[in-house]
Amino acid sequence: MTEPEIHKGLAGVVVDYTAVSKVNSDTNSLLYRGYPVQELAGHRDMEDVAYLLWNGELPSAEQRTEFDAFERGHRALPKEVIAAIDLLPLTAHPMDVARTAVSVMGASHPLAADNSVEANMEKAATLFAAFPAVVAYDQRRRRDQAIVEPRDDLGYSANFLWMTFGEEAPPEVVHAFDVSMVLYAEHSFNASTFTARVITSTLADLHSAVTGAIGALKGALHGGANEAVMHTFEEIGIRKDESHEDAAARAKTWMEEALASKKKVMGFGHRVYKNGDSRVPTMKSALDAMIEYYGRDEILGLYSGLETAMSEAKDIKPNLDYPAGPVYHLMGFDTEMFTPLFIAARITGWTAHIMEQAASNSLIRPLSLYNGPDERHVD
Ligand code: ACO
């Protein structure tokens, strides 16, 4: 009998169809429901993208008005979620706070156990609308600041920044943040999305699937990389007013030493894209705009120094987390808040996949090849 082939990490294994997004590593492209992500980031906002991912089409003006009314009407955190967050110590990682908050949102949602198409759509939209308040509140309580209530006269990203910092962000900053949300929204069968689909395949509810997905996203090999990128910058040392060249030179030396000691450097490499991440050029433009807006050229020096040294030594390209980390830093988020920002965006993709899985379900249950001891018996 021939031994079955093992596909460690499911690398190269195609497990199902999806109509949500298409990642094409050969052409370095990413399509959401057929639309190139760069076009969406340039011409549409996060609300349109959420609608697109869930419904398969961009909203008409009338549909968008209706969607806005729902989303803006569900931005405030339920009191039990605030109470649950308040119970958690400030030493808890924001990803653990986020995971707990989503779990509480599920436990207290009136449609918690209803897995119908209508209930799932409502739960997805409610989660999308309310989750930014989790991140904003958690960031504020860590700075000993009071909660800031949402505003229904602002778009999703402008309101997100308002609730976090308690002041209106300028349009350039809102745009860069919105671009990051659009780029982070969806990426086919990545580890967290696959986790959400596995949980959904057992007929568990939407909040359980999202809670599990958050656990998968936390790891440094996945979403945790945007936080890890900033730790690298911090380890090298961010010196305001240092010249671009000096910062680049220090970063290059750091990278050469890291690679010489066989370190994996977060923010570089990708399981699917081997010639560069399709989302990076758009996110890098947003980073350039933020560098210019905040006048922080030394950050760009660190960015370029690391990128050049990695490219020269191993020809490995940056992934989306690499430019996203410094963008969130410049905006004023604490480093530990970066991966929860990724959650806020990816809730849309996860829930689109949850609904797709539920609509054409088959329990996801692979096989394994046993390599433990031969059969033996208790004396
Ligand atoms: N730093 C240093 N070396 C690297 C890196 C890196 N970031 N990424 C890959 N390599 C090297 C590996 O050491 C390995 O070298 P070897 O063949 O000499 O042993 C080779 O490139 C292949 O790497 P694998 O890890 O086997 O490739 P895989 O496809 O499994 O990994 C992964 C993809 C996990 C993303 C990897 O590139 C990595 O660990 N990157 C850092 C984490 C990261 O940035 N994750 C974010 C992913 S994107 C996202 O979530 C938005």
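Draft legend 1. View of the overall build of the protein chain. Of the regular secondary structure elements, the protein chain holds 16 helices and three strands. In terms of overall size, the protein chain behaves like a compact globule, its C-alpha atoms giving a radius of gyration of 21 Å where 379 residues would be expected to give roughly 21 Å. Seen through its C-alpha atoms, the protein chain measures out along the principal axes to roughly 65 × 60 × 45 Å. Residues classed as buried in the protein chain amount to 50% of the 379 residues present.

Draft legend 2. Structural view of helix H6 (residues 117–141). In this model, H6 (25 residues) spans 36 Å end to end at C-alpha, consistent with the 36 Å of a helix rising 1.5 Å per residue. Counting buried positions along H6 gives 21 out of 25 residues, so the element sits mostly inside the fold.

Draft legend 3. Representation of a nonpolar patch on the surface in the model. On the surface, Leu-10, Val-13 and Val-15 cluster together to form a nonpolar patch covering roughly 210 Å² of accessible area. Residue position: Leu-10 is located in the segment before strand E1 (21–24). With relative accessibility at 40%, the residue Leu-10 sits in the partly exposed group.

Draft legend 4. Structural detail: the site of the ligand. Around the ligand, 22 residues are found, and the nearest of them are Lys-264, Val-265, Gly-267, Phe-268 and Asn-319. Within the side chain of His-222, an N or O atom sits 3.2 Å from an oxygen atom of the ligand. A distance of 3.1 Å is found between an oxygen atom of the ligand and a side-chain nitrogen or oxygen belonging to Arg-271. When the ligand is considered free in solution it has 920 Å² of accessible area, and contact with the protein chains removes 68% of it.

Draft legend 5. Just the nonpolar core, in detail. Of all hydrophobic cores here, the largest spans 109 residues; its most connected members are Tyr-32 and Tyr-328. The contact partners of Tyr-32, leaving out residues within four places of it in the chain, are Val-20, Ser-21, Val-37, Leu-40, Val-49, Leu-52, Leu-53, Val-182, Leu-183, Tyr-184, Ala-185 and Glu-186.

Draft legend 6. Focus on the pattern of salt bridges. Within this structure, the stated rule accounts for 24 salt bridges. For the salt bridge of Asp-96 with Lys-218, the shortest nitrogen-to-oxygen distance reads 2.9 Å. A residue pair is termed long-range when its members are at least 10 positions apart, and Asp-96 in helix H5 (residues 94–107) and Lys-218 in helix H10 (residues 206–218) qualify at 122 residues. For Lys-218, a relative accessible area of 35% puts it in the partly exposed group. Three or more residues are tied together by salt bridges with common partners; here these are Arg-44, Asp-45, Glu-47, Asp-48, Arg-64 and Asp-68.

Draft legend 7. Just the sheet that holds E1, in detail. With respect to topology, three strands assemble into an open sheet ordered E1-E2-E3, the strand pairing being antiparallel. Only two strands of the sheet have a single neighbouring strand rather than two, namely E1 and strand E3 (35–36). Where E1 meets strand E2 (residues 29–32), four bridges bridge the pair, whose relative direction is antiparallel. Looking across to E2, one finds that Val-23 is bridged to Leu-30.

Draft legend 8. Up close: the packing of H5 against helix H16 (residues 338–359). For the pair H5 and H16, interaxial distance at closest approach is 8 Å and the crossing angle is 30 degrees. Judged by the sense of rotation from one axis to the other, the crossing of H5 with H16 is right-handed. Two secondary-structure elements touch here, H5 through Pro-94, Met-95 and Ala-98 and H16 through Thr-339, Pro-340 and Ile-343. Split into classes, the residues belonging to the contact of H5 with H16 amount to five nonpolar, one polar and no charged.

Draft legend 9. Molecular detail of the side chain of Arg-197. As for its placement among the helices and strands, Arg-197 is situated in helix H9 (residues 191–201). Look at Arg-197 and you get buried, because its relative accessible area is 2%. At 2.7 Å, the side chain of Arg-197 and the side chain of Glu-356 are in polar contact. If sequence neighbours within four positions are ignored, Arg-197 has contacts with Asp-16, Tyr-17, Thr-18, Phe-189, His-353, Glu-356, Gln-357 and Ile-364.

Draft legend 10. Region of interest: a positive patch on the surface. A grouping of Lys-262, Lys-264, Arg-271, Lys-274 and Lys-314 is seen on the molecular surface, where their side chains present a positively charged patch. Within the secondary structure layout, Lys-274 lies in the loop between helix H12 (244–260) and helix H13 (280–294). By relative accessible area, which is 57% here, Lys-274 ends up exposed.

Draft legend 11. Spatial organisation of the packing of aromatic side chains. Tallying each qualifying case throughout the model produces 18 aromatic pairs. Note on Tyr-156 and Phe-160: the rings are 6.0 Å apart at their centroids and 85 degrees apart in plane angle, and the pair reads as edge-to-face. Taken together, the residues Tyr-156 and Phe-160, both in helix H7 (residues 156–165) and four residues apart, mark about one turn of the helix. Judged by relative accessible area, Tyr-156 falls into the buried class, the value being 1%. For the pair Phe-189 and Phe-194, a centre-to-centre distance of 6.2 Å together with 35 degrees between the ring planes defines the contact as tilted. Assessed through its relative accessible area of 24%, Phe-189 is described here as partly exposed. Each residue in the set Tyr-51, Trp-54, Phe-67, Phe-128, Tyr-156, Phe-160, Phe-165, Phe-177, Tyr-328, Phe-333 and Phe-338 is aromatic and connected to the rest through ring pairs, giving one cluster. Lying over the aromatic face of Trp-162, Arg-151 brings its terminal NZ or CZ to 4.8 Å of the ring centre.

The rules we used
Residues numbered from 1 in each chain as written. Predicted model: local features only at pLDDT ≥ 70, side-chain atom pairs only at ≥ 80, totals over all residues. Heavy atoms only, no water. Helix = DSSP H or I, 4+ residues; strand = E, 2+ residues; numbered from the N terminus. Rg over C-alpha atoms; globule rule 2.2 N^0.38 Å. Buried < 20%, exposed > 50% of the residue type's maximum accessible area, 1.4 Å probe, protein only. Expected span 1.5 Å × (residues − 1). Patch = residues over 30% accessible without salt bridge, like charges linked within 9 Å, V, L, I, M, F, W, Y side chains within 5 Å. Areas by Shrake-Rupley, 256 points an atom, 1.4 Å probe, with all protein chains shown as cover. Salt bridge = Lys/Arg side-chain N within 4 Å of Asp/Glu carboxyl O. Near = heavy atom within 4 Å. Polar contact = N/O pair within 3.5 Å; in protein donor to acceptor, adjacent residues only side chain to side chain. Core = buried A, V, L, I, M, F, W, Y, C linked by side-chain atoms within 4.5 Å. Contact = heavy atoms within 4.5 Å. Pairing = 2+ DSSP bridges. Axes fitted to C-alpha atoms, helices over the stretch in contact; angles between N-to-C directions. Left-handed = near helix turned anticlockwise from the far one by under 90°. Nonpolar A, V, L, I, M, F, W, Y, C, P; charged D, E, K, R; others polar. Lys, Arg positive; Asp, Glu negative; His and termini not counted. Charge placed at Lys NZ, Arg CZ, Asp CG, Glu CD. Phe/Tyr/Trp six-rings, centres within 6.5 Å; stacked < 30°, edge-to-face > 60°. Lys NZ or Arg CZ within 6 Å of the ring centre and 35° of its normal.

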